[in-house]
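These are the residues of each chain, in order.
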Amino acid sequence: MEQASPIPKKVTRQPARRPRTAYLYAIESLRAEILQGKLKAGDRLRQDELARRLDVSTTPIREALRSLVSEGLVFFDVHRGAVVRGLTIEDARELYGLRKSLETLMVERVMDSMRNEDIALAEALHAEMAETTDVSRWTELNIEFHAALWASQSDTRLAHLIKSLRDASGPYIALSIYMKPEHIERSNAEHQKMLDEYKARDMAAVKRHTVDHLDATLSIIVKAIEQVETEKPD
């Protein structure tokens, strides 16, 4: 993703006015509270309490929690129900360090086996990503986009390792987008450039672009976590 620019000193992106549906209001409010650190790692998210506090029914709360699970910001515990997942700089650095090593290796493997239909699917997913403003959907499409490019290697152990790392990166990507909403537009531009490089079978360019893409995203994530930790309520 594009080069990181300084993050504003104060996070003030909680919705200023109520969105058009109860679901959007619920998910935007809960996402903001998690990413701002108001809801902390390990906090239990009780549907009835959240519904009362946000003045909505439990149905949009339940739908919002499902979406937040797909983003990686919440997980379901058998005994405790929905729980806030923690985000740490150490974990982010380990994830992205592993991803740089494995994804550049995947580029080497896939370049000779990539099919025209793989490129076509990636282009279709890229077009949808350019049209969506929903963080949950964009995050899902982002994973599908890269999986499409590597579809010819989808049954390999390497592909399964990369998928697990990408899935684990979901909440960090959500944080980077929350802190820098323009990150989506920049990332879409990066993906178009990457598509062009794959079409040209330019392995060196794709590998270089992949590393730069991950490094820039990690830089934003680290600054975002540092800011949240600094501003976290006592």
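Everything below is about the structure printed above this text.
Residues numbered from 1 in each chain as written. Predicted model: local features only at pLDDT ≥ 70, side-chain atom pairs only at ≥ 80, totals over all residues. Heavy atoms only, no water.

Novice: Could you give an account of the packing of aromatic side chains, naming the residues involved and the relevant values?
Specialist: The geometry of an aromatic ring pair is captured by two quantities: the separation of the ring centres and the angle between the planes. Under the definition given, this model contains zero aromatic pairs. Over the ring of Tyr-96 we find Arg-99; its NZ or CZ atom is 5.0 Å from the centre of that ring. (Phe/Tyr/Trp six-rings, centres within 6.5 Å; stacked < 30°, edge-to-face > 60°. Lys NZ or Arg CZ within 6 Å of the ring centre and 35° of its normal.)

Novice: Summarise the pattern of salt bridges; cite the residues concerned and give the values.
Specialist: Under the defined criterion, the tally for this structure stands at 11 salt bridges. Note that Arg-99 and Glu-103 form a salt bridge whose closest N and O atoms lie 2.7 Å from each other. One end of the pair is Arg-99 and the other is Glu-103, both in helix α4 (residues 89-110) and four residues apart, which spans about a single turn. Like Glu-103, Arg-99 is buried. Among the salt bridges present, the one from Arg-137 reaches Glu-128, with a minimum N-O distance of 3.1 Å. (Salt bridge = Lys/Arg side-chain N within 4 Å of Asp/Glu carboxyl O. Helix = DSSP H or I, 4+ residues; strand = E, 2+ residues; numbered from the N terminus. Buried < 20%, exposed > 50% of the residue type's maximum accessible area, 1.4 Å probe, protein only.)

Novice: Can you lay out the packing of helix α5 (residues 116-131) against helix α8 (residues 183-199) for me, pointing to particular residues and giving the numbers?
Specialist: The packing of two helices is summarised by the inter-axis angle and the distance between the axes. The interhelical angle for the contact between α5 and α8, taken along N-to-C directions, is 165°, at an axis separation of 10 Å. The orientation of α5 with respect to α8, classified from their angle, is roughly antiparallel. For α5 against α8, the interelement crossing comes out left-handed. Along its contact with α5, which presents Ile-119, Ala-122, Glu-123, His-126, Met-129 and Ala-130, the element α8 presents Asn-188, His-191, Gln-192, Leu-195, Tyr-198 and Lys-199. Here the residues of the contact of α5 with α8 sort into six nonpolar, four polar and two charged. (Axes fitted to C-alpha atoms, helices over the stretch in contact; angles between N-to-C directions. Parallel < 35°, antiparallel > 145°, perpendicular 65-115°, else oblique. Left-handed = near helix turned anticlockwise from the far one by under 90°. Contact = heavy atoms within 4.5 Å. Nonpolar A, V, L, I, M, F, W, Y, C, P; charged D, E, K, R; others polar.)

Novice: An account of the environment of Thr-21 is needed here, citing residue identities and associated values.
Specialist: One can find Thr-21 in the segment before α1 (22-35). By relative accessible area, which is 34% here, Thr-21 ends up partly exposed. The sequence separation of Thr-21 and Pro-60 amounts to 39 residues, and the corresponding C-alpha distance is 8.8 Å. In this structure the side chain of Thr-21 is engaged in a polar contact, spanning 3.1 Å, whose partner is the backbone nitrogen of Leu-24. (Polar contact = N/O pair within 3.5 Å; in protein donor to acceptor, adjacent residues only side chain to side chain.)

Novice: So what's going on with helix α2 (residues 47-54)? Residues and values would help.
Specialist: Along α2, the positions that sit buried rather than exposed are Leu-50, Ala-51 and Leu-54. Buried residues of α2, seen end-on, are gathered within an arc of 100° and therefore sit on one face of the element. For α2, the secondary structure elements touched by its buried residues are α1 and α3 (58-71). Phi turns positive one or two residues past the end of α2, at Asp-55, with a value near 60°. (Arc of directions from axis to C-beta.)

Novice: Account for the packing of α2 against α3, naming residues and giving values.
Specialist: For the pair α2 and α3, the least separation of the axes is 9 Å and the interaxial angle reads 115°. The angle between the axes of α2 and α3 places the two elements in the roughly perpendicular class. In this structure, α2 crosses over α3, and the sense of that crossing is right-handed. Residues Gln-47, Asp-48, Leu-50, Ala-51 and Leu-54 of α2 form the contact with α3, whose own contacting residues are Thr-58, Ile-61, Arg-62 and Leu-65.

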